[in-house]
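If you want the building blocks of each chain, they are given just below.
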Amino acid sequence: MPRRQTREPLPDLWLLSDVRNDARLEQALRALPRGSGFVFRHYHLAPEARRRRFDDLAKIARECGHAVILSGTPGEAERWGAGGLYGPPGGIGPGPALRIATAHGRAEIEAANAIGADAVMLSPVFATRSHPDAQALGLERFHVLATLAQMPVIALGGMTPVRAQELGWPRWAAIDGLS
């Protein structure tokens, strides 16, 4: 399946929401450079509360010129007015303008290639509090896996500005490292 063309350029810097950074998200969104990306996850909230929190944070993100992506179903992303969808390759299907697949290894990158995802978030590059028992990819394995992707790769997992520089990768995302 060919990769879709998106109207907006893909941001280099991404902030992902999480229960751990919820109290700081408004401030973090305002501190990001204009044109960054925001992935709303907030799996810990009940559906109605999750929608309200999405609306509040999406408003701030849009005011700051950020792309707003939802971790959810294609139908939710469309109904909620998200600019795209984030999730495993099998769950992001057709729908919003931007589809970001999650990947942790070769098989998921190949699945993202097969569905023509617009980008892939490859993780965990470094050890992370989100998945303390997960084996980090490390610098070398990250670079090897990234070459398999037929779309832009966004590094995730233990990322901070210093680690992004160490990795030598232009696109990266963080939960704690940006909030």
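Scope of this entry: the structure provided in the associated data block. These numbers come from a predicted model, not from an experiment. (Residues numbered from 1 in each chain as written. Predicted model: local features only at pLDDT ≥ 70, side-chain atom pairs only at ≥ 80, totals over all residues. Heavy atoms only, no water.)

Below, the discussion takes up the overall build of the protein. Assigned secondary structure in the protein consists of seven helices and eight strands. Computed over the C-alpha atoms, the radius of gyration of the protein is 15 Å, within 12% of the 16 Å expected from 2.2 N^0.38 for a compact globule of 179 residues. Along the first, second and third principal axes, the C-alpha atoms of the protein reach 40 × 35 × 30 Å. Of all 179 residues assigned to the protein, the portion counted as buried reaches 48%. Here the analysis covers contacts within the protein between residues at least 6 apart in sequence; of these, 52% occur between residues at least 24 apart. (Helix = DSSP H or I, 4+ residues; strand = E, 2+ residues; numbered from the N terminus. Rg over C-alpha atoms; globule rule 2.2 N^0.38 Å. Buried < 20%, exposed > 50% of the residue type's maximum accessible area, 1.4 Å probe, protein only. Contact = heavy atoms within 4.5 Å.)

Moving on, we get to the pattern of salt bridges. Scanning the model with the defined rule gives nine salt bridges in all. Residues Arg51 and Asp55 are paired through a salt bridge, measuring 3.1 Å at the closest nitrogen-oxygen approach. On the criterion of helical spacing, the pair formed by Arg51 and Asp55 is a turn pair, its members being four residues apart in helix H2 (residues 47–63). Salt bridges linked by common partners bring Asp18, Arg20, Arg41 and Asp176 together as one network. (Salt bridge = Lys/Arg side-chain N within 4 Å of Asp/Glu carboxyl O.)

Let us now look at helix H5 (residues 106–115). Those residues of H5 not exposed but buried are Ile109, Ala112 and Asn113. Down the axis of H5, the buried set is contained in an arc of 100°. They therefore lie on one face. Seen from the open side of H5, the exposed residues pointing more than 90 degrees away from its buried face are Ala107 and Ala114. Considering only its buried residues, H5 is in contact with helix H4 (89–92), strand E5 (98–103), strand E6 (119–122) and helix H6 (138–146). (Arc of directions from axis to C-beta.)

With that settled, the discussion passes to the packing of aromatic side chains. For the structure shown, the criterion picks out four aromatic pairs. Where Phe38 meets Phe40, the ring centres are 6.4 Å apart and the plane angle is 65°; that geometry is what we call edge-to-face. Ring centres of Phe40 and Phe54 lie 5.4 Å apart, and the angle between their planes is 75°; on these two criteria the pair is classed as edge-to-face. With Phe40 in strand E2 (residues 37–40) and Phe54 in helix H2, the pair connects residues that are 14 residues apart, well separated along the chain. (Phe/Tyr/Trp six-rings, centres within 6.5 Å; stacked < 30°, edge-to-face > 60°.)

What follows is about the environment of Leu15. As for its position among the elements, Leu15 is in strand E1 (residues 13–16). The spatial distance from the C-alpha of Leu15 to the C-alpha of Phe126 is 16 Å, given a sequence separation of 111 residues.

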